[in-house]
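Inside the fold
Okay, here's what each chain looks like letter by letter:
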Amino acid sequence: MTNVLLEKKDHIAVATINRPKALNALNSQVLEDLNELVEQVKADEDIYALVLTGAGEKAFVAGADIGEMSSLTKAEGESFGKKGNDVFRKLETLPIPTIAAVNGFALGGGCELAMSCDIRLCADSAVFGQPEAGLGITPGFGGTQRLARLVGPGMAKQMIYTAKNIKADEALRIGLVNAIYPVEELMPAAEKMAATIAKNAPIAVRACKKAINDGLQVDMDQAIVIEEKLFGSCFETADQKEGMSAFLEKRKHEPYQNK
Ligand code: DAK
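Residues numbered from 1 in each chain as written. Predicted model: local features only at pLDDT ≥ 70, side-chain atom pairs only at ≥ 80, totals over all residues. Heavy atoms only, no water.

Now for the sheet that holds strand E1 (residues 4-9). Here six strands make up an open sheet; going across it, the order is E1-E2-E3-E5-E7-E10 and the pairing mixed. Each edge of the open sheet carries a strand with a single partner, namely E1 and strand E10 (179-181). Strand after strand, the sheet turns through a mean of 20° between neighbouring axes, direction not considered. With six bridges connecting them, E1 and strand E2 (residues 12-17) associate as antiparallel partners. Across the sheet, residue Leu 5 finds its bridge partner in E2, namely Thr 16. This element, helix H1 (residues 28-43), spans E1, E2 and strand E3 (49-54) of the sheet and lies at about 20° to E1. (Pairing = 2+ DSSP bridges. Helix = DSSP H or I, 4+ residues; strand = E, 2+ residues; numbered from the N terminus. Axes fitted to C-alpha atoms, helices over the stretch in contact; angles between N-to-C directions. Contact = heavy atoms within 4.5 Å.)

This is how it looks when you write it as C-alpha cells:
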C-alpha cells in the first residue's frame with residue numbers, strides 16, 4: 001500500500017491516508033489501498049481498535065478525486081460509486097471499533113469516510129461538507145444515508161442541498177463529531193481513546209459494536225434479541241470469567257486475552 005500507511009502500536013492500528021499533494025483525495029488507487037487496509041486489519045487478531053487519519057496538515061480527505069471522476073460515463077460513475085461504497089461498508093462493518101481523527105478538510109468522500117467510522121474526533125481546524133450538489137452530482141459514497149442517520153434528516157438535507165461546508169464547532173453542535181481538539185492534541189487523544197477501548201475485553205467490545213450496528217437496522221423487538229444473543233455469547237469467554245472474578249475478589253483484572 002503506497003496511499004495508505006499502516007502502523008501498529010500494542011493492540012492499536014493507526015492508518016494514514018497518504019496522498020497529501022491532492023489533499024488525500026480518493027482516487028481508485030486510494031480506494032484499493034483502503035480495501036487492502038481493511039482486509040489486513042480484519043485478518044490481524046492482535047488489533048483491537050483502528051484510528052484513521054490523513055497525511056499532511058490540511059486535510060483528512062478532500063473528497064473523491066474530481067479529476068478522475070470528471071469524465072466518467074453513467075456506467076463508470078455507478079462502478080466508481082460501488083467501489084467506494086463497498087470499501088466504506090467493509091470499514092463500517094469491520095468488527096473492531098474505528099476512530100476517524102479528522103485533521104482538516106473532510107469534504108464529500110472524506111466526510112463519508114469519516115462517517116463510516118464508529119467515532120469521529122476532529123481538530124479545531126477541521127471542515128466538513130458534502131459539496132457534491134455544487135459539482136453536479138449526488139454524494140456517492142453513502143453520504144445521503146449516513147449523514148441523515150447521524151445528524152437527522154433535516155440537518156443532513158440542509159448540508160447536502162446547500163453544499164455549504166461547516167466548521168468543527170458546528171459539526172460538534174449537530175453531533176457529527178464527538179469532540180474537538182487543538183490540532184497537535186488530536187492524534188494523542190485519538191490514540192488514547194483507542195488504547196482505552198483496547199484495554200476492555202475485546203470480544204465484548206466487538207459484540208457491543210455488532211449489537212449497536214445490527215440493532216439499528218431492525219425494529220426494537222428484533223434489536224433486543226440481537227443484544228440478548230450477543231450478551232449470551234460473552235459467557236463463553238475466558239475474559240468474562242476473569243473480569244467478573246476480579247470484581248468479586250476485589251482485585252484488578254488480568255489483561256484481557258481476547259478469548
Ligand atoms: N480531487 C482531486 N484533487 C483535489 C481535490 C479533489 N477532491 N481536492 C483538492 N485537490 C487537489 C487540488 O487540485 C490541488 O492540486 P494541484 O493544483 O496542487 O495539483 C491540491 O489538491 C491542493 O488543493 P488546493 O490548491 O485547492 O488547496 P486549497 O487550500 O486552496 O483549497 C479545498 C482546499 C479543500 C477547499 C479545495 O481543494 C477544494 O475545494 N477541493 C475540492 C473539495 C470537494 O469539492 N470535494 C468533494 C469532491 S466530490 C460518486 C462517488 C463518490 C462521490 C460522488 C459520486 N458516484 C460515482 C456515485 C463523491 C464525490 C466527492 O467527494
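What follows picks up the thread again.
Attention now goes to helix H3 (residues 74-92). Because each turn of an α-helix spans 3.6 residues, side chains separated by three or four positions end up pointing in the same direction. Taking 1.5 Å as the rise per residue, H3 with 19 residues should run 27 Å; its terminal C-alpha atoms sit 26 Å apart, in good agreement. Phe 80, Gly 81, Gly 84, Val 87, Phe 88, Leu 91 and Glu 92 are the residues of H3 that are buried. Along the long axis of H3, the arc covered by the buried residues comes to 145°, so they all point the same way. For H3, the exposed residues set more than 90 degrees away from the buried face come down to Lys 74, Ala 75, Glu 78 and Lys 82. (Expected span 1.5 Å × (residues − 1). Buried < 20%, exposed > 50% of the residue type's maximum accessible area, 1.4 Å probe, protein only. Arc of directions from axis to C-beta.)

As a further point, take the environment of Ile 66. By secondary structure assignment, the location of Ile 66 is in helix H2 (residues 66-69). Since its relative accessible area comes to 48%, Ile 66 is described here as partly exposed. Spatially, the C-alpha atoms of Ile 66 and Leu 248 are 58 Å apart, while their sequence positions differ by 182 residues.

For the rest of this paragraph, the subject is the site of the ligand. The immediate surroundings of the ligand are formed by 25 residues, with Lys 58, Ala 62, Ala 64, Gly 77 and Gly 109 found nearest. Interatomic distance of 2.7 Å between a backbone N/O atom of Ala 64 and an oxygen atom of the ligand. Gly 109 places a polar main-chain atom, nitrogen or oxygen, 2.8 Å from an oxygen atom of the ligand. Here the ligand loses 62% of its free accessible area of 1,100 Å² to cover by the protein chains. Mapped by element, the contributors of at least two residues to the shell around the ligand are H2, H3, strand E6 (105-107) and helix H5 (132-135). In terms of residue count, H3 provides more of the shell around the ligand than any other element does, three residues in total. The residue makeup of the shell around the ligand, split by class, is 14 nonpolar, seven polar and four charged. (Near = heavy atom within 4 Å. Polar contact = N/O pair within 3.5 Å; in protein donor to acceptor, adjacent residues only side chain to side chain. Areas by Shrake-Rupley, 256 points an atom, 1.4 Å probe, with all protein chains shown as cover. Nonpolar A, V, L, I, M, F, W, Y, C, P; charged D, E, K, R; others polar.)

So, to be careful, I would describe these as geometric facts and stop short of saying anything about function.
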